[in-house]
Amino acid sequence: MPAVPMLRSWYRSAVVPRAGILRLLPSAGPALVLGLALLDVVLGLLPVAFVLATSVVVGQVPAAVDGGTGSAAWGDLVRTFVLAAVLFLARQVLAPLQTALGVRMQRRIDGDLRDRALRIALRSTSIAPMEDQATLDALAEATREIEADFRSPGAAAAGLLALIARYVQLAGFATILGVVVSWPAAAAVVVATMVFRYGQRGGLRRYSQVWKDVVGFRRRSTYLREVAMGPDAAKEMRVFGLAGWFTDEYTDATERMLGPVAARRRQIYLVPYLVYTAIGLGISAAVLVSIARSASAGDITLTALALGIQSVVAAIALGEYYPESDVQTQYGMQAVTALAEFDHRMAEAEARLPGAGTGLPVPAGAPESSLRFEGVSFAYPGSSRLVLDRLDLELPAGLSTAIVGVNGAGKTTLVKLLTRLHEPTAGRLTVDGTDLADLDAASWRRHVSVVFQDFVRYELSAADNIAVGAVHAPRQDAVLRRVAERAAVADVVDALPAGFDTTLSRAYEGGADLSGGQWQRIAIARSLYALEAGARVLVLDEPTSALDVRAEAEFFDRFVELTRGVTSVLISHRFSSVRRADRIVVIDAGRVVEQGTHDELVAADGHYARLFRLQAERFAAGLDADGNEVDS
Ligand SMILES: Nc1ncnc2c1ncn2[C@@H]1O[C@H](COP(=O)(O)OP(=O)(O)OP(=O)(O)O)[C@@H](O)[C@H]1O
């Protein structure tokens, strides 16, 4: 590689990330940083002082032997020996302190970074950035290392400071060599040490890249292991007899990951290691030979000889791998770079969102007249296929509108736009005539209460699972009970070991799990709780898919009654379930194809009437809308 690009690449991969680590230091607090840096200076000086003291001991031995015990020379020897012992002990005592302060620094810095990663992840009003694989990869890489106790950015910061101790030592030994042997010899030893170091760190840097190249197999291997051993797939693993198949796939993915890593490891470490070792050993041997020559010619004292030999050996040893710093800094730097990349991608994705940055407050009573989709088109990020195609739709205020359509028609996508998790590619949504993009996203979301198809089953108490519908409102137990009763789940909750305080997960002591249908009722109670706290729009996206057709129809009937006066949207692909809604809208291939009341649509004898009849016939034949058998 030519010199300039090589320098640029080295600057990007070695200097910029180190600067990133250094910028983390202030979050550890100035006292800790200063204290640890000073301690590292002392820890660097102690081995140098020890070598000095032991060399003086060697030089004092002949005179002490001549003088015998009790002589002044003997006294000098003992004093220097004691000093050397004290220096040795001081290092033994201070090294654990360095580790302890490093751990404290790591905790503070990593805590700060965890908060930062969370803030960045939750910053966007849209979920679009979180659906981009490269953004998710950057987040995964950053958080993996931040959570890794041993090679996190915090550990890297402590590791970078620990280099002070190493380089103070190197400077000390070089100075000794310069004074007692010669400055060219000192320079040669420093060069040999740095060549060793370059080989070490360069190898580690390249090796850490190898893991990036096999990230696909690593992800698959981790996924297969977690699915095979986790509780979510435990039933299917056994019923479908998947254990053998999963084991084979896991072994295959793991081998495809580790195979190239092992091969590249040999390539990266072996040849350069031999070359750098040969250079280092050649230089240090030359310096040692020159010291030995000077000694045999009588040009240097015994102390100087001992100093020279010890300094060369100790300095060259500093070219090796540093366990307190090297791996930590390498992976910590990667995490910091990945976090910066994640931040950058999120910022870019946000900048692409139309309407981001404006934030009119939502009027308390909105919508007074209607919510409208006006010529809305939408394609998911990274795709050019229009899921919604110039869709016009009016949701009248205070009425229930059912949206029906076959699988994949675009119903859930409508909800994502209504809740501003995505922004339209073209067209706009309006609330009483105001562009939704001009309204503050957070306050709009407090206005809308949604039960998603894939609502979250929080491993929290039953009460918390309902109250997450409106965490901004003060908790009212009476309201919790009321909404649970309306959602027909109060009896189920009362029968749990600790009633509303029971954790809804078997993973906790005293916890309990619910059936799919019971969970859906909890989610519906959650949305009713949000209505009680002031939400004006209610969206239920297939809230009853775990119920049978009859129970679903009953639910919708009751729900339409319970939410009279609320602007509500009920989504289903079961045409027979939503007949009581004030209005029914049929969408197909991203467009509204029919709308009206149930009676109007049946009379029109179009799409709705056809599918309604088809599903009714299936139901009569003992099949549900999806063709599954139902209890009659
Ligand atoms: N995150 C996504 N990225 C890319 N395409 C998506 C994404 N989510 C949905 N789609 C696509 O958009 C289309 C509409 O999906 P949507 O979930 O809105 O349908 P739906 O009417 O709610 O279907 P269902 O009744 O099965 O829930 C589908 O073709 C789907 O593959």
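Nothing here was measured: the structure is a model prediction, and the numbers come from that model.

**Details of the overall build of the protein**
No. 1: The helix and strand tally for the protein stands at 20 helices and 10 strands.
No. 2: Scored against the burial criterion, the 632 residues of the protein give a buried share of 45%.
No. 3: Taking the contacts inside the protein whose residues are at least 6 apart along the sequence as the reference set, 74% of them involve residues at least 24 apart.
No. 4: Total accessible area on the protein is roughly 31100 Å²; 59% of this is exposed by carbon and sulfur atoms.

**Some details on helix 2 (residues 30-67)**
Helical geometry: 3.6 residues make up each α-helical turn, so side chains three or four residues apart lie on a common side.
No. 1: For helix 2, spanning 38 residues, the distance from its first C-alpha to its last is 53 Å, which sits close to the expected 56 Å at 1.5 Å a residue.
No. 2: Within helix 2, the axis deviates most sharply at Gln 60, by approximately 40°, and proline Pro 62 lies no more than four positions further along.

**Thoughts on the sheet that holds strand 8 (residues 567-572)**
No. 1: Ordered by their spatial adjacency, six strands build an open sheet running 6-7-8-3-9-10, and the pairing between neighbours is mixed. The open sheet has two edge strands with one neighbour each: strand 6 (448-451) and strand 10 (591-596). Ignoring which end each strand starts from, the neighbouring axes of this sheet average 20° apart.
No. 2: Where strand 7 (residues 537-541) lies against strand 8, five bridges are found, and the strand directions are parallel. Its bridge partner being in strand 8, Leu 538 is matched across the sheet by Ser 568.
No. 3: Contacts from helix 12 (residues 411-418) reach strand 3 (400-404), strand 6, strand 7, strand 8 and strand 9 (583-588), with the element oriented near 150° to strand 7.

**Quick word on the packing of aromatic side chains**
No. 1: Counted according to the given criterion, the structure contains four aromatic pairs.
No. 2: Each ring, one from Phe 50 and one from Phe 88, has its centre 5.8 Å from the other, and the planes form 45°; the classification is tilted. Note that Phe 50 is positioned in helix 2 and Phe 88 in helix 3 (residues 72-123), a separation of 38 residues in sequence.
No. 3: Consider the rings of Phe 378 and Tyr 380, whose centres lie 4.9 Å apart with planes at 80°: the pair is edge-to-face. Each member of the pair, Phe 378 as well as Tyr 380, carries the same accessibility label: buried.
No. 4: One residue, Arg 197, lies across the ring of Tyr 322, its end atom 3.7 Å from the ring centre.
No. 5: The positively charged end of Arg 265 is found above the aromatic ring belonging to Tyr 207, 5.2 Å away from the centroid.

**A look at the packing of helix 1 (residues 3-22) against helix 5 (residues 153-180)**
No. 1: Closest axis-to-axis distance for the helix 1/helix 5 pair is 9 Å, and the angle between their directions is 100°. In terms of axis orientation, helix 1 runs roughly perpendicular to helix 5. Contact residues: helix 1 offers Arg 18, Ile 21 and Leu 22, while helix 5 offers Pro 153, Ala 156, Ala 157 and Leu 160.
No. 2: The class makeup of the residues in the contact of helix 1 with helix 5 is six nonpolar, no polar and one charged.

**Considerations on the site of the ligand**
No. 1: For the ligand, the set of nearby residues contains 15 residues, the closest of which are Arg 385, Gly 408, Lys 411, Thr 412 and Thr 413.
No. 2: Interatomic distance of 3.4 Å between a side-chain N/O atom of Tyr 380 and a nitrogen atom of the ligand.
No. 3: One nitrogen or oxygen atom from the side chain of Thr 412 is found 2.8 Å from an oxygen atom belonging to the ligand.
No. 4: When the ligand is considered free in solution it has 640 Å² of accessible area, and contact with the protein chains removes 68% of it.
No. 5: A per-class count over the shell around the ligand returns four nonpolar, six polar and five charged.

**Things to note about the environment of Arg 144**
No. 1: If you trace the backbone, Arg 144 turns up in helix 4 (residues 133-147).
No. 2: Put simply, Arg 144 and Ala 335 are 191 residues apart on the chain and 8.0 Å apart in space, counted from C-alpha to C-alpha.

**Considering the UniProt feature "transmembrane region" (unreviewed entry) in the protein**
No. 1: On the UniProt side, "transmembrane region" (unreviewed entry) is annotated at positions that read residues 21-39, 45-65, 77-95, 170-196 and 273-292 here.
No. 2: Measuring from the first to the last C-alpha atom of residues 21-39 gives 19 Å, for a span that is 63% helix and 0% strand.
No. 3: Its end C-alpha atoms 13 Å apart, residues 170-196 is made of 93% helix and 0% strand.

**Considerations on the confidence of the model for the protein**
No. 1: Averaged over the protein, the pLDDT score is 86; the fraction of residues at 70 or greater is 95%.
No. 2: Confidence over residues 623-627 falls short of pLDDT 50; this stretch has 16 contacts with residues more than four positions distant or in other chains.
No. 3: Quick note on the complex model: pTM equals 0.69, ipTM equals 0.95.

**Some thoughts on the sheet that holds strand 4 (residues 426-431)**
Pairing between the strands of a sheet comes from backbone hydrogen bonds, and it takes one of two forms, parallel or antiparallel.
No. 1: Pairing is antiparallel in the open sheet, where four strands are placed in the order 2-1-4-5. This sheet does not close on itself; its edge strands, each paired only once, are strand 2 (388-396) and strand 5 (434-435).
No. 2: Of the pairings in the sheet, the one linking strand 1 (residues 370-378) to strand 2 comprises six bridges and is antiparallel in character. Each residue of the ladder has a partner; that of Val 376, found in strand 2, is Leu 391.
No. 3: Against the sheet, helix 12 touches strand 1, strand 2 and strand 4, its axis set at about 115° to strand 1.

**A closer look at the nonpolar core**
No. 1: Grouped together as the largest cluster of nonpolar side chains are 53 residues, with contacts concentrated most on Ile 21, Met 105 and Phe 342.
No. 2: Mapped onto this core, the elements with two or more residues apiece are helix 2, helix 3, helix 4, helix 5, helix 6 (183-213), helix 9 (243-296), helix 10 (302-317) and helix 11 (326-352).
No. 3: Of the residues forming this core, the biggest block, 12 residues, is contributed by helix 5.
No. 4: Excluding its chain neighbours within four sequence positions, the residues that come into contact with Phe 342 are Ala 117, Ile 120, Ala 121, Met 130, Thr 135, Ala 138 and Leu 139.
No. 5: Core analysis: the next-biggest nonpolar cluster, separate from the first, contains 49 residues, Ala 484, Leu 504, Val 586 and Leu 601 among them.

**Comments concerning the pattern of salt bridges**
No. 1: Summed over the entire model, instances satisfying the criterion amount to 21 salt bridges.
No. 2: Salt bridges sharing partners connect three or more residues here, namely Arg 372, Glu 374, Glu 394 and Arg 428.

**A few points about unusual backbone geometry**
No. 1: Residue Ala 366 is joined to Pro 367 through a cis peptide bond whose omega torsion reads 0°.
No. 2: If you trace the backbone, Pro 367 turns up in the loop between helix 11 and strand 1.
No. 3: Within the chain, Ala 589 stands out as a residue other than glycine whose phi angle is a positive 50°.
No. 4: Inspection of the secondary structure puts Ala 589 in the loop between strand 9 and strand 10.
No. 5: Note on Ala 589: relative accessible area 58%, which makes it exposed.
No. 6: With a phi angle near 55°, Asp 605 is a residue other than glycine that sits in the positive phi range.
No. 7: Relative to the elements of secondary structure, Asp 605 occurs in the loop between helix 19 (598-604) and helix 20 (607-620).

**Focus on the side chain of Thr 401**
No. 1: Turning to its location among the elements, Thr 401 is positioned in strand 3.
No. 2: What Thr 401 contacts, discounting residues up to four positions off in sequence, is Leu 395, Pro 396, Ser 568, Val 569, Leu 570, Arg 583 and Val 585.

Definitions and cut-offs
Residues numbered from 1 in each chain as written. Predicted model: local features only at pLDDT ≥ 70, side-chain atom pairs only at ≥ 80, totals over all residues. Heavy atoms only, no water. Helix = DSSP H or I, 4+ residues; strand = E, 2+ residues; numbered from the N terminus. Buried < 20%, exposed > 50% of the residue type's maximum accessible area, 1.4 Å probe, protein only. Contact = heavy atoms within 4.5 Å. Areas by Shrake-Rupley, 256 points an atom, 1.4 Å probe, with all protein chains shown as cover. Expected span 1.5 Å × (residues − 1). Bend = angle between axes of the 7 residues up to and from the residue. Pairing = 2+ DSSP bridges. Axes fitted to C-alpha atoms, helices over the stretch in contact; angles between N-to-C directions. Phe/Tyr/Trp six-rings, centres within 6.5 Å; stacked < 30°, edge-to-face > 60°. Lys NZ or Arg CZ within 6 Å of the ring centre and 35° of its normal. Parallel < 35°, antiparallel > 145°, perpendicular 65-115°, else oblique. Nonpolar A, V, L, I, M, F, W, Y, C, P; charged D, E, K, R; others polar. Near = heavy atom within 4 Å. Polar contact = N/O pair within 3.5 Å; in protein donor to acceptor, adjacent residues only side chain to side chain. UniProt positions renumbered as here; feature names shortened; annotations may be inferred. pLDDT = per-residue confidence, 0-100. Core = buried A, V, L, I, M, F, W, Y, C linked by side-chain atoms within 4.5 Å. Salt bridge = Lys/Arg side-chain N within 4 Å of Asp/Glu carboxyl O.

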